[in-house]
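Listed below are the residues making up each chain.
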Amino acid sequence: MTNRSRLFLGGASLLLIVSFLVPIWRISLKAPQYPEGLGMYIWVNKITGQQKHDLGKINNLNHYIGMKTIEPESITELKVMPYIIGFLLVFGLVAAASGNRVLLYTWTILFLLVALVGLVDFYMWEYDYGHNLNPKAAINIPGMSYQPPLIGSKKLLNFTAISMPAAGGWAIFVSMFIGMYLSFKERKAGRREKTTQDTQ
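Residues numbered from 1 in each chain as written. Predicted model: local features only at pLDDT ≥ 70, side-chain atom pairs only at ≥ 80, totals over all residues. Heavy atoms only, no water.

## Topic: the packing of aromatic side chains
Stated formally: A pair of Phe, Tyr and Trp rings is counted when the ring centres sit within 6.5 Å of each other, with Trp represented by its six-membered ring. The angle between the planes then sorts it: under 30 degrees is stacked, over 60 is edge-to-face, the rest tilted. Every helix listed is a DSSP run of H or I at least four residues long, and every strand listed is a run of E at least two residues long, numbered separately from the N terminus. Think of it in three bands: with a 1.4 Å probe and only protein chains considered, a residue is buried below 20% of the maximum accessible area for its type, exposed above 50%, and partly exposed in between. Lysine and arginine charges are scored as sitting over a ring when NZ or CZ, respectively, is within 6 Å of the ring centre and within 35 degrees of the ring normal.
Using the criterion set out here, one finds 8 aromatic pairs in the structure. Arranged with centres 6.1 Å apart and planes meeting at 35°, the rings of Tyr34 and Phe159 form a pair that is tilted. Of the two residues, Tyr34 sits in strand S2 (residues 34–42) while Phe159 sits in strand S5 (residues 159–165), which places them 125 residues apart along the sequence. Since its relative accessible area comes to 12%, Phe159 is described here as buried. Pairing Phe87 with Phe91 gives two aromatic rings, centres 5.6 Å apart and planes at 85°, and the pair type is edge-to-face. Separated by 4 residues within a single helix, Phe87 and Phe91 lie in helix H4 (residues 76–98), roughly one turn from each other. Among the aromatic residues, those joined into a ring-pair cluster are Trp25, Phe122, Trp125 and Tyr129. The ring centre of Tyr129 lies 5.3 Å from the NZ or CZ of Lys68, which sits over that ring.

In structure tokens:
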């Protein structure tokens, strides 16, 4: 691995620190009766309201339509995620320090798998909250579900739900894409080196 690649890999790994300091995802709700909007932030280890009381207000609204209460302390992923990201951070630094291409490839593949599993898990979490409704809820519309979008916006009754990565999430994606680029670049360099050796 070139020194330049090692430097970029180290930087990409350290970039994951950002995900511990700021939210990784944001879900916002907009409606005429809430002109200021409601929202919640998903961090690596907790869920908070966009404003101080937003999470409580969202849970109250969810109660009327039969959705389960969002209880951050009961969500297993929030307990596991800090360790997964911490592992990727340390692994990336070890790979950068060693200059070993195989470690770079392994780090990138693990990162891609974690990202894919994380997005699928998040989708399933949203699906569960949006579809498994209490049939005795005050507002019960047959066939209606309230699953927010994975990414983008979606109309839910008179609310518009918007789901997007927050600063921490963008830091994770940038780190992953740097790893993908470095893996592609180093693989090409490795092939050139092998070709050169074979012709000597």
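Having put the structure on the table, let's press on.
## Re a nonpolar patch on the surface
Test applied: A patch is a set of surface residues, each over 30% in relative accessible area and not in a salt bridge, joined within 9 Å for like charges and within 5 Å for the nonpolar side chains Val, Leu, Ile, Met, Phe, Trp and Tyr. Note on areas: Shrake-Rupley with a 1.4 Å probe; residue coverage comes only from the protein chains shown. Salt bridges are counted wherever a side-chain nitrogen of Lys or Arg sits within 4 Å of a carboxyl oxygen of Asp or Glu.
Among the surface-exposed residues, Leu14, Ile17, Phe20, Leu21 and Leu93 lie close enough to one another that they form a single nonpolar patch of about 420 Å² accessible area. Secondary-structure assignment places Leu93 in helix H4.

## Considerations on the pairing of S5
What counts is decided by this rule: For two strands to count as paired, DSSP must find a minimum of two bridges between them.
By the alternation rule, side chains of S5 split into Phe159, Ala161, Ser163 and Pro165, which are all buried, and Thr160, Ile162 and Met164, of which none is buried. With 6 bridges joining them, strand S1 (residues 25–31) and S5 adopt antiparallel strand pairing. Along S5, the bridge assignment pairs Ile27 with Ser163. In this structure, strand S4 (residues 152–156) lies alongside S5, joined through 5 bridges in antiparallel fashion.

## Thoughts on the environment of Gly99
This is how the line gets drawn: By definition, residues are in contact when any of their heavy atoms lie within 4.5 Å.
On the secondary structure map, Gly99 appears in the loop between H4 and helix H5 (101–131). Distance from Gly99 to Leu9, taken between C-alpha atoms, is 9.5 Å for residues 90 residues apart in sequence. Apart from the residues lying within four places of it in its own chain, the contact partners of Gly99 are Met1 and Arg6.

## A look at the packing of helix H1 (residues 3–15) against H4
The following threshold applies: Axes here refer to lines fitted to C-alpha atoms; in helices the fit is confined to the stretch in contact. Angles between the N-to-C directions go from 0 to 180 degrees. Roughly parallel here means an angle under 35 degrees, roughly antiparallel means over 145, roughly perpendicular means 65 to 115, and every remaining angle is called oblique. Whether a crossing is left-handed or right-handed is set by the direction in which the near helix is turned from the far one by less than a right angle, anticlockwise for left-handed and clockwise for right-handed.
Remark: H1 packs on H4, axes separated minimally by 8 Å, with the N-to-C direction vectors making an angle of 165°. Compared by their axis directions, H1 and H4 come out roughly antiparallel. Between H1 and H4 lies a crossing whose hand is left-handed. When H1 is examined against H4, the residues Arg6, Leu9, Gly10, Ser13 and Leu14 are found in contact with a partner set consisting of Leu89, Gly92, Leu93, Ala95, Ala96, Ala97 and Ser98.

## A closer look at the sheet that holds S2
Strand order in this open sheet of 5 strands is S3-S2-S1-S5-S4, and the pairing throughout is antiparallel. A single partner strand is all that each edge strand has here, and the edge strands are strand S3 (47–49) and S4. Looking at each pair of strands side by side, their axes are set apart by 20° on average, direction ignored. Its contacts with the sheet place H5 against S1, S2, S3 and S5, and it is angled at close to 30° to S1.

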